[in-house]
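Residue-level structure breakdown
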Amino acid sequence: MTESNGRERTVPAGAGDAQAAGVRANDTTAFAEFRDEVERVWNENSAYWDEYMGEGNDFVNVLCWPVTEKFLAVEPGQNVLDIACGNGLTSRRLGRLGARVVAFDLAEGMIARAKRRTSAADGKIEFRVLDAGDEQGLLALGQERFDSALCNMALFDMAEIEPLFRNLYSLLKPGGCFVFSMVHPCFNQADATRYSEFEDRDGELITTYGVRVSRYMTPSMQRGLALRGQPTPQPYFHRPLDMLLNVGLKAGFVMNGIEERAFPATHPPGRHELGWGPNFSEIPPVIVFRLQRQ
Ligand SMILES: C[S@@+](CC[C@H](N)C(=O)[O-])C[C@H]1O[C@@H](n2cnc3c(N)ncnc32)[C@H](O)[C@@H]1O
């Protein structure tokens, strides 16, 4: 319930509403109406994204990749699926580890950039335009074909995730794993604001950095900027952890790896004191999961 007297406004978390309406039980239709916007926006942003990201920024290099590489434990010759591959920066890393990579993305512009960046030295990589919500398209990749699958920092960009988890299960070989990294839904989402506080306590000047979370339980779509200066804000889909993981567990996966990732206190400071960096070494902006097919 929202209360307002004209001068004050309280914004409730809304979890009660969502639970009463039963929307937390599944994700099958939650944000399907935004699918076309996602495709349009990522096409509009593809050139900017590619130039800014290149072969990876600190989020990829420091937070995501070390755990991703460990969780995937790729062996030469293995078939690996790179889901929502963007400009292919992780596809090339997988290819250089000796994997045979199939990489796909919803945005044609991203796949065009990925192909342009990739050379024979990056290994065996096949890029495709495909929507992770397209069940037939996914199954056509080949059942029980892949030793592992990766989705690096993209599940929260997808309007629907249930078709992906359900079909991915049959694309993986028995024992195959699905590794995915995401913005941490508790601390790195539109309703989690970063702050700094300054105090003079017993003559000591103390600055404390933290995150205030005003809303978590209710899934939501909000538009934001992945990269400062990008042409068009993109839809972000917030899903609480239980909703997200239950989609995977319901598909049959078991979880056997999880790491929350924060920048170390020794990481070089960025341009803004409230940007993710060493000031937030106690708060993880990224979480990485490893699910396994039985
Ligand atoms: C933040 S980028 C991450 C790209 C890449 N994984 C990386 O780490 O650089 C998110 C990507 O998800 C893609 N995407 C969003 N929804 C998708 C969907 N339903 N199917 C496939 N790709 C999708 C976007 O086009 C975009 O390239």
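Our structure's up above, just so we're on the same page.
These lines cover the structure that appears in this document, whether it is placed above or below. Residue numbers run consecutively from 1 along every chain, following the written order of its sequence. The predicted nature of this model means local features are confined to residues of pLDDT at least 70 and side-chain atom pairs, given and counted, to a pLDDT of 80 or more, with totals for whole chains, interfaces and linings taken over all residues.

With that out of the way, let us pick up the site of the ligand. Neighbouring the ligand are 21 residues, the closest being Trp 42, Ala 84, Gly 86, Leu 106 and Ala 132. When contributions to the shell around the ligand are tallied by element, the ones reaching two or more residues are α2 (35–53) and α4 (89–96). Strands here are runs of E lasting at least two residues and helices are runs of H or I lasting at least four, both read from the DSSP assignment and numbered beginning at the N terminus. Counting residues per element, the shell around the ligand draws most heavily on α2, at three residues. Here the shell around the ligand is composed, by residue class, of 14 nonpolar, four polar and three charged. Each residue gets a C-beta atom placed from its backbone. Should that atom fall within 6 Å of a molecule or strand, the residue is termed near it. Only Asp, Glu, Lys and Arg are considered charged, only Ala, Val, Leu, Ile, Met, Phe, Trp, Tyr, Cys and Pro nonpolar, and every remaining residue, Gly among them, polar.

Attention shifts here to unusual backbone geometry. Non-glycine residue Ala 73 carries a positive phi angle of around 45 degrees. Take Ala 73: it is sitting in the loop between α3 (58–72) and β1 (79–83). Burial is judged by counting the other C-beta atoms within 10 Å of a residue's own C-beta: 20 or more makes it buried, 12 or fewer makes it exposed, and any count in between marks it as partly exposed, with every C-beta position built from the backbone. Given 13 C-beta atoms within a 10 Å radius, Ala 73 is considered partly exposed. Non-glycine residue Asp 202 carries a positive phi angle of around 55 degrees.

Attention now goes to the packing of α2 against helix α5 (residues 108–117). In this description, a line fitted to the C-alpha atoms serves as the axis of each element, helices being fitted only across the stretch in contact, and the angle between N-to-C directions of two axes falls anywhere from 0 to 180 degrees. Between α2 and α5, the least distance of the axes is 7 Å, while the angle of their chain directions is 30 degrees. Here α2 is positioned roughly parallel relative to α5, judged by the angle of their axes. On α5, the residues that touch Trp 42, Asn 43, Ser 46, Ala 47 and Asp 50 of α2 are Glu 108, Gly 109, Met 110 and Arg 113. Residues belonging to the contact of α2 with α5 are distributed by class as follows: three nonpolar, three polar and three charged. For classification, angles of less than 35 degrees are called roughly parallel, those exceeding 145 degrees roughly antiparallel, those between 65 and 115 degrees roughly perpendicular, and all remaining angles oblique. Placing C-beta atoms from the backbone, we regard two residues as in contact once those atoms come within 7 Å.

For two strands to pair, DSSP has to find at least two bridges joining them. A sheet is described by the order of its strands in space; here seven strands give the open sequence β3-β2-β1-β4-β5-β11-β10, paired in mixed fashion. Of all the strands in the sheet, just β3 (124–129) and β10 (254–261) have a single pairing partner and so form its edges. Direction aside, the axes of adjacent strands within the sheet are offset by 15 degrees on average. In this structure, strand β2 (residues 100–105) lies alongside β3, joined through six bridges in parallel fashion.

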